[in-house]
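Next come the chains, spelled out residue by residue.
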Amino acid sequence: MSNRSITCPEYKARLNTAANLLDTMKTQIRQGVLKKRNLVWLELTGCSGNIISLLDGSNPDFKYLISQMTNFIYNNSLSASEGEVAMEQLFSVLGSDYILAVEGAVTTKNNGLYNIIGRLNGKLVTAIEAVKTLGEKAAFVIAIGACATHGGVSAARPNPAECVSVQSVLNRKVIKLPGCPCHPDWFMGTLAHILLYGEPDLDRRDRPLLFYSTLIHDRCPRRSYFDKGIFAEKLGDKTCMFKLGCRGPVTRIDCPIRQWNQYVNWPIEDDTPCIGCAQFGFPDAMEPFISYNTTREVRR
Amino acid sequence: MRAQDLSGISFDSIIAEVNYDINLLYVVPCVYTRNMILNHLRDRISMVESVTKAIIQPGQLQPQPLPLQPGVTPIAEPPALQQPTTPGNQTTFTLQELSKYDGKGGNPAYVTVNGTVYDVTSNATWAAATHFGLTAGKDLSNEFVSCHAGESILSKLKVVGKLV
Ligand code: HEM
Ligand code: SF4
């Protein structure tokens, strides 16, 4: 089932949340009404999965982001400059208007010594120093992905480097886009909203309601099986994966509508239970990812 | 469908819902809403179907009178585990007895909060009898307070007894 064939107005509207914002933004950029803003993408302790996910974005693509929407000041995986030059470039934004995007958790053990992001004026710069310095002065801070929003995989037990979320080291509002990784649309849509209208409406946990308002379970195409108590017994069954430990009922995000890899598919459609990667506490709190031999069926 | 799950299903209210849906179908102009209602209707009808089947299925159990009101006592099959009971018709559990209801090997999943034992077997947020790293078959009073203080979610759960 491809969502593009869906004619439900709610699905259509929600699939286009990011696209509509970005279209408005593109028009305003063409008309020269909208000013580009500086964007810094800081990568701390993580796997670079969010920047890779963003590179996969199509609507608009990464090139448009760095050439038309923003002045893309710094990203340690993608910047052309290296070494001290790159670090000077990074810290040159201080004093100007900029938006700070952060992926990866903050290591705190031994004053952050386990993540050195570079050397400035001959001195080592730890990730924790960088995120504190840049985070305090930024116009907006957006934490992207599980590690930045709540510690995620980097903070999973036993958490040897004592990783924490970006919010834990900053005394200010941090917009949070949990997900492992973050969908390109969640970031692009949030950024477009900021450029056009400022901060989007957020829930109690600072997630943009544009994307994080409904449970996966509430929009899951297998929901009617759940309601009737018809459950999958093994991977590959096409029914509800509740008894296998599906985390769709505790995970608020729009995967069933938006889908992944340029809107092609998503885990449940591909017979994998949701593992709650967009829920706070992932991965520890979402384990076990799969269970067999659990409670008996309630209805047949 | 197992007959024991029929408790709580009221034919009267299913029929009322079906009638309500039909009336609604006459007036809604929107095709999407209409599809939703049709879906709901189909769901109710299959519910009636499975209830009927469960009642007349030979071998599985004796024909039983239909439960007509919600809240009537379960009409069949003992649960997988013999529930410990005390006089006074109140099921009670010791911590050790509770630990068997861990949601594994076909057992139901029960948890205790502040002395009351709740059934979370079919609760969506307790998939595979686990919930944010917690497992069933335990007294989770402290965990509940630290995570859900002030939320009125326990009233949505089925009460199965008391912890002693
Ligand atoms: C480690 C402690 C716990 C955490 C972190 C936790 C977390 C959560 C979260 C985040 C949700 C809502 C998901 C959403 O709708 O966005 C939820 C729902 C729920 N939790 Fe917990 N929980 C904890 C302990 C418990 C315990 C001990 C119980 C015992 C009965 C429980 C029962 C429920 C129920 C019934 C719901 C569904 C609420 C509803 O119907 O609205 N939780 N939990
Ligand atoms: S597969 Fe998961 S999200 Fe879908 S209905 Fe079942 S429990 Fe809910």
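Please read all numbers here as calculations on a predicted model, not as lab measurements. (Residues numbered from 1 in each chain as written. Chains lettered and ligands numbered in written order. Predicted model: local features only at pLDDT ≥ 70, side-chain atom pairs only at ≥ 80, totals over all residues. Heavy atoms only, no water.)

A. Looking closely at the coordination of the iron atom of ligand 1. Those donors, His131(B) (NE2) and His148(B) (NE2), are the protein atoms that reach the iron atom of ligand 1, and they lie 1.9 to 2.0 Å from it. Overall, His131(B) belongs to the buried group, its relative accessible area being 11%. (Donors = N, O, S within 2.8 Å, 3.2 Å for Na, K, Ca; no water. Buried < 20%, exposed > 50% of the residue type's maximum accessible area, 1.4 Å probe, protein only.)

B. How the structure looks around the sheet that holds strand 1 (residues 92-93) of chain B. All names here are of chain B. Here we have five strands laid out as an open sheet, ordered 1-7-3-2-6, and mixed in their pairing. Each of the sheet's edge strands pairs with one partner strand only, and the pair in question is strand 1 and strand 6 (138-139). Alignment of strand 3 (residues 116-119) against strand 7 (residues 158-163), held across four bridges, turns out to be antiparallel. Residue pairing for strand 7: threonine 116 is matched across the bridge by lysine 162. (Pairing = 2+ DSSP bridges. Helix = DSSP H or I, 4+ residues; strand = E, 2+ residues; numbered from the N terminus.)

C. Looking closely at a nonpolar patch on the surface. Residue and element names in this part refer to chain A. A contiguous nonpolar surface patch, about 390 Å² in accessible area, is contributed by Leu113, Tyr114, Ile116 and Leu124. Following the sequence through the fold, leucine 113 ends up in the loop between strand 4 (106-107) and strand 5 (116-120). Overall, the relative accessible area of 54% leaves leucine 113 in the exposed class. (Patch = residues over 30% accessible without salt bridge, like charges linked within 9 Å, V, L, I, M, F, W, Y side chains within 5 Å. Areas by Shrake-Rupley, 256 points an atom, 1.4 Å probe, with all protein chains shown as cover. Salt bridge = Lys/Arg side-chain N within 4 Å of Asp/Glu carboxyl O.)

D. Quick look at the packing of helix 2 (residues 17-30) of chain A against helix 8 (residues 184-197) of chain A. Residues and elements named next belong to chain A. The interhelical angle for the contact between helix 2 and helix 8, taken along N-to-C directions, is 45°, at an axis separation of 9 Å. Accordingly, the angle class assigned to the pair helix 2 and helix 8 is oblique. Read as a crossing pair, helix 2 and helix 8 show a hand that is left-handed. Contacts between helix 2 and helix 8 pair Ala18, Leu21, Leu22, Thr24, Met25 and Gln28 from the former with Asp185, Met188, Gly189, Ala192, His193, Leu195, Leu196 and Tyr197 from the latter. Classifying every residue of the contact of helix 2 with helix 8 gives nine nonpolar, four polar and one charged. (Axes fitted to C-alpha atoms, helices over the stretch in contact; angles between N-to-C directions. Parallel < 35°, antiparallel > 145°, perpendicular 65-115°, else oblique. Left-handed = near helix turned anticlockwise from the far one by under 90°. Contact = heavy atoms within 4.5 Å. Nonpolar A, V, L, I, M, F, W, Y, C, P; charged D, E, K, R; others polar.)

E. Main features of the domain arrangement of chain A. Residues and elements named next belong to chain A. Once the domains are mapped, chain A shows domain 1 (9-211) and domain 2 (216-286). Here domain 1 and domain 2 have C-alpha centroids that lie 27 Å from each other. Both sides of the domain 1 and domain 2 interface together cover about 2,300 Å² of buried area, and 56% of this is carbon and sulfur. For the pair domain 1 and domain 2, the interface holds two salt bridges. For the salt bridge of glutamate 10 with arginine 219, the shortest nitrogen-to-oxygen distance reads 3.0 Å. Listed by contribution, the elements that provide at least two residues to the side of domain 1 that touches domain 2 are helix 1 (9-15), helix 2, helix 7 (145-150) and helix 8. Here the side of domain 1 that touches domain 2 takes four residues from helix 1, the largest share from any one element. (Domains from an automatic or database assignment. Buried area = accessible area lost by both parts, 1.4 Å probe.)

F. Geometry of the packing of aromatic side chains. One pass over the full model with this rule turns up eleven aromatic pairs over all chains. Seen in terms of ring centroids, Phe226(A) and Phe242(A) are 5.2 Å apart; in terms of plane orientation they differ by 90°. Their pairing is edge-to-face. Of the two residues, Phe226(A) sits in helix 10 (residues 223-228) while Phe242(A) sits in the loop between helix 10 and helix 11 (255-258), which places them 16 residues apart along the sequence. Of the two residues, Phe226(A) and Phe242(A), neither departs from the other in class, the shared state being buried. Taking the centre distance of 5.8 Å and the plane angle of 85° together, the rings of Phe93(B) and Tyr110(B) count as edge-to-face. With Phe93(B) in strand 1 and Tyr110(B) in strand 2 (residues 110-113), this pair connects stretches of sequence that are 17 residues apart. Side by side, Phe93(B) and Tyr110(B) carry an identical accessibility label, which is buried. Through a chain of ring-to-ring contacts, three or more aromatic side chains come together here, namely Trp186(A), Tyr212(A) and Trp260(A). Sitting over the face of the ring of Tyr64(A), Lys26(A) holds its NZ or CZ atom 5.4 Å from the ring centroid. (Phe/Tyr/Trp six-rings, centres within 6.5 Å; stacked < 30°, edge-to-face > 60°. Lys NZ or Arg CZ within 6 Å of the ring centre and 35° of its normal.)

G. Structural context of the interface of chain A and chain B. Contacts between chain A and chain B engage 28 residues on the former and 26 residues on the latter. Of the roughly 2,200 Å² buried between chain A and chain B, counting both surfaces, carbon and sulfur atoms make up 57%. Counting every contact that joins chain A to chain B gives zero salt bridges. For the pair chain A and chain B, the interface holds six residue pairs in polar contact (both at pLDDT 80 or more). Across the side of chain A that touches chain B, the residue classes tally to 13 nonpolar, eight polar and seven charged. (Polar contact = N/O pair within 3.5 Å; in protein donor to acceptor, adjacent residues only side chain to side chain.)

H. Broad picture of helix 2 of chain A. Residue and element names in this part refer to chain A. Helix length check: helix 2 (14 residues) gives 20 Å between terminal C-alpha atoms against 20 Å at 1.5 Å per residue, within 8%. What helix 2 keeps buried is the set Thr17, Ala18, Ala19, Leu21, Leu22, Met25 and Ile29. Next to the buried residues of helix 2 lie helix 1, helix 4 (62-69), helix 8, helix 9 (209-212) and helix 11. One or two steps after helix 2, the chain reaches glycine 32, where phi turns positive at roughly 75°. (Expected span 1.5 Å × (residues − 1).)

I. Spotlight on the site of ligand 1. Taken together, the neighbourhood of ligand 1 is formed by 18 residues, with Arg252(A), His131(B), Cys147(B), His148(B) and Lys156(B) sitting nearest. Surrounding ligand 1 are residues belonging to chains A and B, so the site spans chains. Examining the composition of the shell around ligand 1, we find that three residues originate from one element, helix 4 (residues 141-148) of chain B, more than from any other. Across the shell around ligand 1, the residue classes tally to eleven nonpolar, five polar and two charged. (Near = heavy atom within 4 Å.)

J. Spotlight on the pairing of strand 6 (residues 123-126) of chain A. All names here are of chain A. The pairing of strand 5 with strand 6 spans four bridges and is antiparallel. When the sheet's bridge partners are listed, arginine 119 is paired in strand 6 with leucine 124. Between the antiparallel neighbours strand 5 and strand 6 lie two residues, among them asparagine 121 with a positive phi of about 50°.

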